[in-house]
Amino acid sequence: MILSAAYDEFLIEQRVRGNSPKTLIYYESVLTFFIDYLGSSFDISEITLRTCKEYYLYLIESKTIRSVSVQSYIRGLRAFLRWLYDNEYIEINICERFKLPKATRNVIDVLSDEEIGRLLDTLSGSEWLTVRNRLIVSLMLDSGLRLNEVVTLKPSSVHFNDRYLIVTGKGDKQRTVPFGDFAAKTLGEYLDLTKSANVKDALIIKASETLCGFEPITESTIKNMFRKLKTRSNIPRLYPHLLRHTFATRYLENGGNIYTLQAILGHTSLEMVK
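The shown structure was predicted, so the numbers you read here are calculated from the model rather than taken from an experiment.

1. Details of the packing of aromatic side chains
Within this structure, the stated rule accounts for 13 aromatic pairs. Ring plane angle 35 degrees and centroid distance 4.9 Å describe the contact between Tyr 37 and Tyr 58, whose orientation is recorded as tilted. Highlighted residues: Tyr 37 in helix α2 (residues 21-38) and Tyr 58 in helix α3 (residues 49-61), separated in sequence by 21 residues. By relative accessible area, Tyr 37 is classed as partly exposed at 27%.

Here it is in structure tokens:
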């Protein structure tokens, strides 16, 4: 079988498994790079450990890809190679000997108390749009939600009296995530202000200040909101996922259990939590 045909079969398998659109885009991106390197008509039976090592060196020597990105490319390739072996398209399990390269790990500088105060000061007010933005920040900071998890929250996901949300994370896996007093207060304000909107499929909405012509919020809307918050709060390194890192760090600093944190964050391994 030629490489391009195996690639097509692999992507079909990922769709059948129900992988998310982001996962599919990731595999398309990293594997297209591998196909460009070997050629679409390359016979997959000729892929060897040396082939993979030379490809790794090619990525490193390109000088346009960071070490963390190289890891991502190799991780996608290893998933493809494992699938080829499991489906008996190749005879040797190359993954056993083709390990992930070590990447430089940068220490994440989470938000300080003073910076959190500045951020929340920029979101003070009772206008519904301000309350909505404060809710987005509180769900990320108080519960560690990812950007996409905020976007896909539904009104039915909220169990207000019991203080938890049903969150759909990566791979469409659902989990229970608690929220604290700050998020509860803001969520209560938001629900009161938007009860007339009645959007069944979206908790967080994108709308005009009068709630006319509203629609479910998008990731790009939240990213644009954070670009404005970065300037207003004078926190140049601010971005949505930094709030999730801050939540996780503060959770452990305040005596939280790492296994419970793993469940809250939705990570499949403790290594991801670390």
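Picking up where we left off.
2. Observations regarding the pattern of salt bridges
Once the charged atoms of two side chains with opposite charge are near each other, the side chains can pair. Counted under the stated rule, the structure contains 15 salt bridges. The residue Asp 113 makes a salt bridge to Arg 250 at a minimum N-O spacing of 2.6 Å. Pair noted here: Asp 113 is in helix α5 (residues 113-121) and Arg 250 is in helix α10 (residues 240-253), with a separation of 137 residues, a long-range link. Here Arg 250 falls in the partly exposed class, since its relative accessible area comes to 21%. Of the charged contacts in the structure, one is a salt bridge between Arg 146 and Glu 149, with a shortest N-O distance of 2.5 Å. Taking the relative accessible area as the measure of exposure, Arg 146 reaches 11% and is therefore buried.

3. Some remarks on the packing of helix α6 (residues 128-143) against helix α8 (residues 181-194)
Between α6 and α8, the shortest axis-to-axis distance is 9 Å and the interhelical angle comes to 150 degrees. In terms of crossing hand, the pair formed by α6 and α8 is left-handed. Counting all contacts with α6, which are made through Trp 128, Val 131, Arg 132, Arg 134, Leu 135, Ser 138 and Asp 142, the residues of α8 involved are Asp 181, Phe 182, Ala 183, Thr 186, Leu 187, Glu 189, Tyr 190, Leu 193 and Thr 194. By residue class, the composition of the contact of α6 with α8 is eight nonpolar, three polar and five charged.

4. Let's talk about the sheet that holds strand β3 (residues 174-178)
Here three strands make up an open sheet; going across it, the order is β1-β2-β3 and the pairing antiparallel. On the outer flanks of this sheet lie β1 (158-159) and β3, each paired with one strand and no other. Where strand β2 (residues 164-168) meets β3, five bridges bridge the pair, whose relative direction is antiparallel. Each bridged residue has a counterpart across the sheet, and for Val 167 the counterpart in β3 is Arg 175.

5. Section: the environment of Tyr 26
By secondary structure assignment, the location of Tyr 26 is in helix α2. The spatial distance from the C-alpha of Tyr 26 to the C-alpha of Ser 269 is 20 Å, given a sequence separation of 243 residues. Leave out the neighbours within four places in its chain, and Tyr 26 touches Ser 72, Arg 75 and Gly 76.

What counts and how
Residues numbered from 1 in each chain as written. Predicted model: local features only at pLDDT ≥ 70, side-chain atom pairs only at ≥ 80, totals over all residues. Heavy atoms only, no water. Phe/Tyr/Trp six-rings, centres within 6.5 Å; stacked < 30°, edge-to-face > 60°. Helix = DSSP H or I, 4+ residues; strand = E, 2+ residues; numbered from the N terminus. Buried < 20%, exposed > 50% of the residue type's maximum accessible area, 1.4 Å probe, protein only. Salt bridge = Lys/Arg side-chain N within 4 Å of Asp/Glu carboxyl O. Axes fitted to C-alpha atoms, helices over the stretch in contact; angles between N-to-C directions. Left-handed = near helix turned anticlockwise from the far one by under 90°. Contact = heavy atoms within 4.5 Å. Nonpolar A, V, L, I, M, F, W, Y, C, P; charged D, E, K, R; others polar. Pairing = 2+ DSSP bridges.

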